[in-house]
Amino acid sequence: MNISIIVPFYNSEKTLGLCLDAATNQTKSAHEIILVDDKSDDGSVNIAKSYNVKVISLTERSGPAVARNTGAIAATGEVLLFLDSDVVMPANCIEKIAQNFSDKGCDAVQTLYSPKTTYPKLATDYQQVLYTYQFMQIPETGSSIFTTYCAAVKKDVFVKIGMFNMKIKKASAEDAELGHLLAGNGYSIYVDKNLYVAHHTDYTFMKFFSRRHYIVRDLIKSYLQQIILITLILLN
């Protein structure tokens, strides 16, 4: 099974090298690694170009949904592995993801954040433990969870359901919406609770609450749009 890694990035010079070091040193090599630059103005692009990867640069700041879709369109692998630029995969990550597709017969695979943090801050510790706890409550199968810090989906399925909603400009609800589309269209997502990735982020409580705010806001917008669409269909 060929797996294309897609990494959108914007001003990620602090973590991009760590992300790519891990992505390029796997027990099972990726079919290709595609990086999509969302108009960075730091040293991220130079870091990206120092690796044996494909780099696509957007002409204007467009957001992660557009960046991921751009990478997905360019990808030639059977499976798309979306990876955030501040995430470090374990060495066997691609191997285990490929094995899950083969053994579980699923259409998508979700990994988990490790509760261990790389920055000794209370806000960061809280965020990572909260993420891990929430994901551990989700069943391995039958859920609609799809969070693109490190998650994979078959390319043909991804294209069939319409890809990421490019109207969502922030990293907020675009992946949650895709998860609901996957589940709603009968596709299966397998949550591998033994496959952890490291999140190299430095949260403050202000950043934590700000992020929660716009995630909830964009989720509500997405749900309302779906309700309106379903209502219009029923009325017609």
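Our structure's up above, just so we're on the same page.
All values derive from a computational prediction rather than experimental measurement.

Conventions adopted
- Residues numbered from 1 in each chain as written.
- Predicted model: local features only at pLDDT ≥ 70, side-chain atom pairs only at ≥ 80, totals over all residues.
- Heavy atoms only, no water.
- Buried < 20%, exposed > 50% of the residue type's maximum accessible area, 1.4 Å probe, protein only.
- Helix = DSSP H or I, 4+ residues; strand = E, 2+ residues; numbered from the N terminus.
- Pairing = 2+ DSSP bridges.
- Contact = heavy atoms within 4.5 Å.

Quick notes on the pairing of strand S7 (residues 150-154)
Then, in step 1: With respect to burial, S7 is a largely interior element, 4 of its 5 residues being buried.
Then, in step 2: Pairing between strand S4 (residues 79-83) and S7: 5 bridges, direction antiparallel. Directly across from Leu83, in S7, lies its bridge partner Cys150.
Then, in step 3: As paired strands, strand S6 (residues 108-113) and S7 are joined by 3 bridges and run antiparallel to one another. Paired with Gln110 across the bridge in S7 is Ala151.

With respect to unusual backbone geometry
Residues other than glycine predominantly adopt negative phi, and peptide bonds predominantly adopt the trans conformation.
Then, in step 1: Positive phi, close to 50 degrees, is recorded for Asn11, a residue that is not glycine.
Then, in step 2: Among the structural elements, Asn11 can be located in the loop between strand S1 (3-9) and helix H1 (16-23).
Then, in step 3: Given the relative accessible area of 30%, Asn11 is considered partly exposed.
Then, in step 4: With phi around 65 degrees, Lys39 is a residue other than glycine that occupies positive phi space.
Then, in step 5: With respect to the helices and strands, the residue Lys39 is situated in the loop between strand S2 (32-37) and helix H2 (44-49).

Some remarks on the pairing of S6
Then, in step 1: Of all 6 residues in S6, 6 are buried, a share of seventy percent or more.
Then, in step 2: Across 5 bridges, S6 lies against strand S8 (residues 189-199) in parallel orientation. Looking at the pairing, Val109 lines up with Tyr190 of S8.

Side note on H1
Then, in step 1: Summarising burial for H1: 6 of the 8 residues are buried, a large majority.
Then, in step 2: Taken residue by residue, H1 has Leu16, Gly17, Cys19, Leu20, Ala22 and Ala23 as its buried positions.
Then, in step 3: Along its buried surface, H1 packs onto S1, S2, H2, S4, strand S5 (87-88) and helix H4 (93-104).

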